[in-house]
Structure formats: structure tokens, C-alpha cells
Amino acid sequence: MAGKVLMDKYEVLLKTLESYGKVAVAYSAGVDSTFLLHACVKALGKENVVAITAKSAFMPGIECEEAKAFCKKNGIRWVSFEPKVMGIEELCENNQDRCYICKKHIFSVMIKAIRNEGIKHLLDGSNADDAGDFRPGMKALEELKVKSPLKLLGFTKEEIRSLSRVLEIPTWNKPSFACLATRIPYGEHIDEAKLKLVEKAEDYIRGLGFDEVRVRVHNTVIARIELNPNDFSTFMRGDIRLEVNQVLKSMGFAYVSLDLQGYRTGSMNEVLGDEQL
């Protein structure tokens, strides 16, 4: 149960959102953007809120389906578009500014779309925890003057989940999906086939009952699986371990490994030196 301090913080969020008037929310169907969208509707009313989703090759297909379903169920206007991110060569080269290039492009398209409808403010669900990792995309949001009220008011992921549970928002315990490009090391070229392979492999492992999963791809041939360490013993049972190995090899991987450190966000940044960050 969220305590009084946290509920007071939520009231400050609602007051802040009220000051924006009509808004559009960059909506991915994740924990943060769903909480923000819910708060916007409460503060401003459905008539003043639009959810906008970029159906790019980097977004898992299931996320887009869930975004559409949530908005339909709750009577929220939902707009989607398909940015041609795979046509941006400097993005597919996958250098350390990949996220900056991607977000600059996608959010620029979003801003143009909402401006045509007379909406001044575009909001995104970045939170306070996002400031603690290497996230060049945050620079793009700042340059485009995208508002991040959860980050501004210091909401952590844990607080967002806690409030979402109290407010009966169904994503309160939803695992994080994140951009599929984060599964590919910097410097290794991104193409649609690799992204589809990652999505297929993760969907398969998730279907076995493992909620927190990442399949990181190295040199196209190596699948490095990250799971919650609490799931290691289940995963390493002979039948599951051998089946996953066989299925992922049938998808095209030559080697299938389990990362002993377990699932964590931003693991691809661990190979970057401090001077690169």
C-alpha cells in the first residue's frame, strides 16, 4: 500500500499535469507510460489526452497490441504511426549515439503530428531511475522540449509500480520489455532480421513462464540469455535447458548461453569505458 508521502507526491503530479492543458503522451504500454497516461486522464479528462505510439521495428509487436487494447478498453484516443527507422543508416550503424538519433527522429515526428492537432505538450514516461544509466536519448528529449513529469518530480520505478498497484493500473507488475535494439552491442550493425530474431527468441522463452528475459545477440551467432537469478534453477532443469538450446539453435544461433549475472537493464553499456560514457 502506498503511504501518505507517496500519495501526496501523486497529488503534486496531478496538479502539474493540470497546468499543461491538452497533452499527448508517448505511449509504449509499459509501466511508466501507462501510469503517466492514467494520471493525465485523471487530471485533464479523456477529451484532453491523446496517446501516441510509434510502431517501429525496435518495438516488440506485443507492446503495440497492448497499447491499442488498453486505450480501447479505457476510452482513450489512440494514434499510431510507423517511423521508417530502418531507413536511417547512421542509426543502423549502431554507434553509441543510436538512441539519440532514434528518439530525435521519432519524437520529432510525434511533435509535428500533435502540433497539427493544436496540442502543445508531448509527454514521455522517463522516471528518476533513468538518470542513473547511459541514456543518450534523454538529450534528444531535452532538445525537443518533451516534458518528462515523472522524472521532473523524482518518481522512481518502484514508486510508480507501488502507486499503479494502489490505483489498480494493470501494468503495476508488468515486466520491462524495452527497445529491441538494446539487445545488440554498439558497433554491430542493426537490421530487421536481427530484431525479429531477438523478438522471436524472447517470446519463446517468455512462453515457458520466464517473465524477465533478455536475449542479447553477439556477432549474430551468440545468444546470451539474461533471466532473473531466482529462475536459474528452473531454467537449468535438463528438459528446459536442452529444449531452449535446441530451439534457439534452430532459429539460427550457433551458441546459446546463460548470463550468470542475471537480468539487468543496460547490460550492453557495461563494455563501455568511463571515457566513452
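Reading the values: rules and limits
- Residues numbered from 1 in each chain as written.
- Predicted model: local features only at pLDDT ≥ 70, side-chain atom pairs only at ≥ 80, totals over all residues.
- Heavy atoms only, no water.
- Pairing = 2+ DSSP bridges.
- Helix = DSSP H or I, 4+ residues; strand = E, 2+ residues; numbered from the N terminus.
- Axes fitted to C-alpha atoms, helices over the stretch in contact; angles between N-to-C directions.
- Contact = heavy atoms within 4.5 Å.
- Phe/Tyr/Trp six-rings, centres within 6.5 Å; stacked < 30°, edge-to-face > 60°.
- Buried < 20%, exposed > 50% of the residue type's maximum accessible area, 1.4 Å probe, protein only.
- Lys NZ or Arg CZ within 6 Å of the ring centre and 35° of its normal.
- Expected span 1.5 Å × (residues − 1).
- Arc of directions from axis to C-beta.

1. Notes on the sheet that holds strand β4 (residues 121-123)
Two orientations exist for strands paired in a sheet by backbone hydrogen bonds: parallel and antiparallel. Strand order in the open sheet formed by four strands is β3-β2-β1-β4, and the pairing between neighbours is parallel. Whereas interior strands pair on both sides, the edge strands pair on one side only; in this sheet they are β3 (77-81) and β4. Strand-to-strand, the axes of this sheet are offset by a mean angle of 30°, without reference to chain direction. By the bridge criterion, four bridges tie strand β1 (residues 23-26) to strand β2 (residues 49-54) in an arrangement that is parallel. Counterpart to Ala-24 in the pairing with β2 is Val-50. Taken strand by strand, helix α2 (residues 31-44) contacts β1, β2 and β4, and its axis lies near 165° from that of β1.

2. Here we look at the packing of aromatic side chains
Scanning the model with the defined rule gives four aromatic pairs in all. Seen from their ring centres, Tyr-10 and Phe-35 are 6.0 Å apart, and the 45° between their planes marks the pair as tilted. Of this pair, Tyr-10 sits in helix α1 (residues 4-18) while Phe-35 sits in helix α2, and the two are 25 residues apart along the sequence. Owing to a relative accessible area of 0%, Phe-35 belongs among the buried residues under this scheme. Relative to Phe-155, the ring of Phe-35 has its centre 6.1 Å away and its plane inclined at 55°; by these criteria the two rings are tilted. In this pair, Phe-35 sits in helix α2 while Phe-155 sits in the loop between α7 (149-152) and α8 (157-166), placing the two residues 120 residues apart along the sequence. Here the aromatic residues Tyr-10, Phe-35 and Phe-155 are joined through ring pairs into a cluster of three or more. The ring of Phe-155 has Lys-9 sitting right over it, with the charged end atom 4.9 Å from the ring centre. In this structure, Lys-139 is placed above the aromatic ring of Tyr-100, and the distance from its NZ or CZ to the ring centre is 5.5 Å.

3. Regarding helix α11 (residues 238-251)
Compared with the 20 Å implied by 1.5 Å per residue over 14 residues, the 20 Å span of α11 between its first and last C-alpha is a close match. Ile-240, Val-244, Leu-248 and Met-251 are the residues of α11 that are buried. Projected down its long axis, α11 shows its buried positions confined to an angular sector of 50°, all on one face. α11 presents Asp-239, Gln-246 and Ser-250 as exposed residues on the side facing more than 90 degrees away from its buried surface.

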